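Next come the chains, spelled out residue by residue.
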Amino acid sequence: MKKNFRKMTKKAKDFSAHVYKILSASPTKDFNYKQIAAIIEVNDTQSRNEIIKELGILKKAGKIEETERGKYKIISKAEYYEGTVDMTSRKSGYFVCSELEDDVYIPFINLNHALDGDKVKCYIYNRRSSRKPEAEVLEILERAKTEFVGVIDIQKNFGFVTTTNAKMYTDIFIPKNEIATAEHGDVVLVSMVDWPKKADSPFGKVIKVLGKPGEHNTEIHAILAEYGLPNDFPVEVEAYANQIDTSITEEEIAKRRDMRNILTFTIDPKDAKDFDDALSFQVLPNGNYEIGVHIADVSHYLQEGTILDEEAYNRATSVYLVDRVVPMLPEVLSNFACSLRPNEEKYTFSAIFQLNNKAEVVDSWFGRTVIYSDQRFSYEEAQEIIESKSDIIPAHISLTGKEYHAPKPIVEATLKMDELAKILRRKRMNAGAISFDKVEVKFNLNEHAEPVGVYFKQSKDANHLIEEFMLLANRKVAEFIGKQKKTFIYRIHDEPNEDKLFGLQNVISKFGYNLNLKSKQDISTSLNKLLEDVQGKKEQNMVDTLTIRCMSKAAYSTHNIGHYGLAFDYYSHFTSPIRRYPDVMAHRLLQFYLDGGKSASEELFEEKCMHSSDRENLAAKAERDSVKYMQVKYMQDHQDQEFLGVVSGVTEWGIYVEIIENKCEGMVRIREIKDDYYTFDDKQYALVGEVSKNLIQLGDEVYVKVKNADLVKKQLDFHFVRENK
């Protein structure tokens, strides 16, 4: 009897959702139990009794009403919500909705063909067997994507495409006549055409063959296609860009503030192709310093309503993959007309500040200018000036490969601006800004774009110098318009997630660190202390990564809430219009308001902000995938080598290990650890040996070897060699 009772309970739980869903779908109709049984396709007595019982429960709960004897109708305060699906890698998902405090679990059976990121309408119900609610997808309102990248398996009369995305729980069926020119095993881009109600898989068609799995260009193009990111510009857009008049004319100069005679220079990465910002410097008669932040005047060339502007808006950002840049603007603009190259006159949009010796802004001016860049420096050259206080640039640092003497006025300007930047940075930190100087992994590539080495890029004083003056310009432009209460494009950043901070505290306490979570100021102070304390330690990259994950995502919005990470009440993106469309919009709005324009449409620009944020997120995912791909490719050539790594994650199926010397991360399956039988202890974030009671936990050092390097899945599997004890 006990067994039957359990079965009935499970069935009753299933009927709860079915019955409510049927009544919800037709809120004006009433149903009896026989009609509901027919819709659910059950006709046995036990099931019918369960439906009658369920109708009684729903009536008692006030969710339905009995309109006449045995007939029921929904009471229209249904638990309907609109939101998005966040899939897990285990064929279930969560319903994410801003109206709900917590995400709601969606079992696989309730997904009803919804995929990751889809906008859906859901019904929320409480399972009687537990207190946690569940969701069922009633309607797919909008697909997050309809194009997918995967490998095609061609059978006699059909094919199917399997993606490498762990959140994509189904393959895609391809009828024979939709296979196009694809061959068995090709990487293809497919479009999802239909998903019949009773079909296990959606139907699709091949729209592009990307190449053979594992080939370099195939995998890079697959990354771009996976996120719907473009590669080449349409021919008509290139043609339009090439016919733009990029000459510097006296007529246009007359409309601008002429700053060609003021000392101006750029500091950029040594491999930079576009230079969208320059700094000018002069000492004023009153002893203050005039520092100009000059930004390429992209909006002068990028006119609204043109096919070029439409393309730039659709892209919204440049994408920086490991071996290439997919630019927002065609090369004629990004690398030439808008690039502030040395010894050339350029149109710019400028924020010009008068600062005193305490780095206080005494006066500011915003507007269109024309400049002449006297010199281009790399960060390494500027850093050499800051460190040595000398004008000698050694050959091994010099962009020309030869030793030279930097002009004295530029050396003096660099040293003074470094001094002021350090004061600005100190003020930010004291105000509660958080210092994320995360180590960036870079690759040395050969002529075939294959990784032959790994190095780490870290910010130094020269980077901070540029950063502080860009931050100053972004902040002051936003403040200038924000205080006028006019519509603007803000870069916003909310406070960190409290639950994630508690989770971080749990992890870092194992290394002897602590967070003070009492107040906003205490949180930022203790986060900065944590990031400082882990510098150079084996656990640094893991702690840096976990701390970043606690942070809210920065985004674009017309609704200003300030920027938590920078500790600014007003902040915008103004300084990189060559690679970010929101900066172009900021330039246009600023000029419009300088010309006396009234507040622009908030609704229109909010929509553009959301689009820009979405595109930025897709670009970031593609960039991360390209780094993972290169890491796997690099490790393919080091199969027999032992590496020392740090345990960066512990799960019930194994441990993640990050190699110290190159930051490549891979998985060691639990069965690979042979010296004992290990089980996962979630309270200690550790694997525990059953016999020895040995702990393998976060931060432990272990030696590993490459077991498998899968370029298509971008995954590394390691052999466990031994612990470093």
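Computed from a prediction, not measured in an experiment: that's the story for all the values here. (Residues numbered from 1 in each chain as written. Predicted model: local features only at pLDDT ≥ 70, side-chain atom pairs only at ≥ 80, totals over all residues. Heavy atoms only, no water.)

Peer 1: Looking at this structure, I do not really get the overall build of the protein chain. What am I missing?
Peer 2: Along the backbone of the protein chain there are 17 helices and 35 strands. For 725 residues, the compact-globule estimate of 2.2 N^0.38 gives 27 Å, and the C-alpha radius of gyration of the protein chain, at 30 Å, lies within 12% of that figure. Overall, the C-alpha framework of the protein chain stretches about 95 × 65 × 60 Å when taken along its three principal axes. The proportion of buried residues among the 725 residues of the protein chain is 50%. Counted over contacts in the protein chain with a minimum sequence separation of 6, partners at least 24 positions apart contribute 64%. Entry remark: accessible area of the protein chain is about 35,900 Å², with carbon and sulfur atoms responsible for 47%. Charged side chains in the protein chain number 100 positive and 114 negative. The centres of these two groups are separated by 7 Å. (Helix = DSSP H or I, 4+ residues; strand = E, 2+ residues; numbered from the N terminus. Rg over C-alpha atoms; globule rule 2.2 N^0.38 Å. Buried < 20%, exposed > 50% of the residue type's maximum accessible area, 1.4 Å probe, protein only. Contact = heavy atoms within 4.5 Å. Areas by Shrake-Rupley, 256 points an atom, 1.4 Å probe, with all protein chains shown as cover. Lys, Arg positive; Asp, Glu negative; His and termini not counted. Charge placed at Lys NZ, Arg CZ, Asp CG, Glu CD.)

Peer 1: I keep staring at the pairing of strand S25 (residues 451-457) and nothing clicks. Help me out?
Peer 2: Within a regular strand, the side chains alternate between the two sheet faces. Across six bridges, the pairing between strand S24 (residues 440-445) and S25 is antiparallel. By the bridge assignment, Glu440 is partnered in S25 with Lys457. Counting the residues between successive antiparallel strands, the hairpin from S24 to S25 contains five residues, one of them, Ala449, with a positive phi of roughly 65°. (Pairing = 2+ DSSP bridges.)

Peer 1: What's the story with unusual backbone geometry in this structure? I'm lost.
Peer 2: Peptide bonds are mostly trans, and most non-glycine residues show a negative phi. Of note in the backbone geometry, Ala567 takes a positive phi value of approximately 60° without being a glycine. Relative to the assigned elements, Ala567 resides in the loop between strand S27 (555-557) and helix H16 (581-594). Backbone geometry places Lys663, a non-glycine residue, at a positive phi of 65°. Mapped onto the fold, Lys663 is located in the loop between strand S29 (654-659) and strand S30 (665-669). Since its relative accessible area comes to 18%, Lys663 is described here as buried.

Peer 1: I keep staring at the sheet that holds strand S16 (residues 289-296) and nothing clicks. Help me out?
Peer 2: To summarise the sheet geometry, strands pair through backbone hydrogen bonds and adopt either a parallel or an antiparallel arrangement. Across the sheet, which stays open at both edges, the seven strands sit in the order S13-S20-S19-S16-S15-S14-S21 with mixed pairing between neighbours. For this open sheet the edge positions go to strand S13 (257-258) and strand S21 (375-378), each flanked by a neighbour on one side alone. Pairing analysis gives two bridges linking S13 to strand S20 (residues 361-372), with the strands arranged parallel. If you follow Arg257 over to S20, its bridge partner there is Thr369.

Peer 1: Would you take a moment to explain the packing of helix H13 (residues 498-508) against helix H15 (residues 540-550) for this structure?
Peer 2: Each pair of packed helices can be summarised by the angle the axes make with each other and by the distance between the axes. Relative to each other, H13 and H15 sit at 165°, their axes nearing to 9 Å. Our classification of the angle between H13 and H15 gives roughly antiparallel. With respect to the hand of their crossing, H13 and H15 are arranged in left-handed fashion. Of H15, the residues touching H13 (which contributes Lys500, Leu501, Leu504, Val507 and Ile508) are Val543, Leu546, Thr547, Arg549 and Cys550. Here the contact of H13 with H15 is composed, by residue class, of seven nonpolar, one polar and two charged. (Axes fitted to C-alpha atoms, helices over the stretch in contact; angles between N-to-C directions. Parallel < 35°, antiparallel > 145°, perpendicular 65-115°, else oblique. Left-handed = near helix turned anticlockwise from the far one by under 90°. Nonpolar A, V, L, I, M, F, W, Y, C, P; charged D, E, K, R; others polar.)

Peer 1: Is there a simple way to think about the state of the cysteines in this case?
Peer 2: By definition, a disulfide is the covalent link that joins the sulfur atoms of two cysteine residues. Scanning all chains against the criterion turns up zero disulfides. Cys97 forms no disulfide, and the closest cysteine sulfur to it belongs to Cys122, at a distance of 8.9 Å. (Disulfide = S-S within 2.5 Å.)

Peer 1: How do you make sense of the sheet that holds strand S33 (residues 695-697) when you look at a structure like this?
Peer 2: Strand order in the open sheet formed by three strands is S31-S32-S33, with antiparallel pairing between adjacent strands. The open sheet has two free edges, formed respectively by strand S31 (678-681) and S33, since each of these has just one partner strand. For this sheet the average axis-to-axis angle between neighbouring strands, irrespective of direction, equals 25°. In this sheet, S33 lies alongside strand S32 (residues 686-689) in antiparallel orientation, the contact comprising three bridges. Looking at S33, one finds that Ala686 is bridged to Gln697.

Peer 1: How should I be thinking about the packing of helix H4 (residues 216-226) against helix H17 (residues 602-636) in this particular structure?
Peer 2: Relative to each other, H4 and H17 sit at 155°, their axes nearing to 9 Å. When the interaxial angle is binned, H4 and H17 end up roughly antiparallel. Crossing of H4 over H17 shows right-handed handedness. Note on element contacts: H17 touches H4 through Ala622, Asp625, Ser626, Tyr629, Met630 and Lys633, opposite His216, Glu219, Ile220 and Ile223. Its residues assigned to classes, the contact of H4 with H17 comprises five nonpolar, two polar and three charged.

Peer 1: Would you mind showing me how to read the packing of aromatic side chains here?
Peer 2: The geometry of an aromatic ring pair comes down to the distance between the two centres and the angle between the two planes. Taken as a whole and assessed by the stated rule, the structure comprises 17 aromatic pairs. When the ring of Phe366 is compared with that of Phe480, the centres are 5.1 Å apart and the planes differ by 45°; the resulting orientation is tilted. Of this pair, Phe366 sits in strand S20 while Phe480 is found in helix H12 (residues 461-482), placing the two residues 114 residues apart along the sequence. Here Phe366 falls in the buried class, since its relative accessible area comes to 8%. The class for Phe480 is partly exposed, based on a relative accessible area of 31%. The structure contains a cluster of three or more aromatic residues connected by ring pairs, namely Tyr20, Tyr123 and Tyr125. The cationic tip of Lys121 hangs over the ring face of Tyr80; the distance from NZ or CZ to the ring centre is 4.7 Å. Directly above the aromatic system of Phe456 lies the positively charged group of Lys663, at a separation of 5.2 Å from the ring centroid. (Phe/Tyr/Trp six-rings, centres within 6.5 Å; stacked < 30°, edge-to-face > 60°. Lys NZ or Arg CZ within 6 Å of the ring centre and 35° of its normal.)

Peer 1: Please explain the confidence of the model for the protein chain as it appears in this structure.
Peer 2: If pLDDT is low for a region, its predicted coordinates should not be looked at in detail. Averaged over every residue, the pLDDT of the protein chain is 91; residues scoring 70 or more account for 97%. Contacts from residues 1-13, a stretch scored under 50 in pLDDT, to residues over four places away or in other chains number 10 contacts. (pLDDT = per-residue confidence, 0-100.)

Peer 1: Quick question: what am I supposed to make of the side chain of Ser334 here?
Peer 2: Structurally, the position occupied by Ser334 is in helix H9 (residues 331-337). Here Ser334 falls in the buried class, since its relative accessible area comes to 4%. Each residue touching Ser334, except ones within four places of it in the same chain, is listed here: Asp274, Leu329, Ser339 and Ile578.

Peer 1: I would appreciate a short explanation of the pairing of S30 in the present structure.
Peer 2: For S29 and S30, the ladder comprises five bridges, and the chain directions are antiparallel. Residue pairing in the sheet places Val657 in a bridge with Gly666 of S30. Counting the residues in the hairpin turn of S29 and S30 gives five residues, including Lys663, whose phi is positive at 65°.

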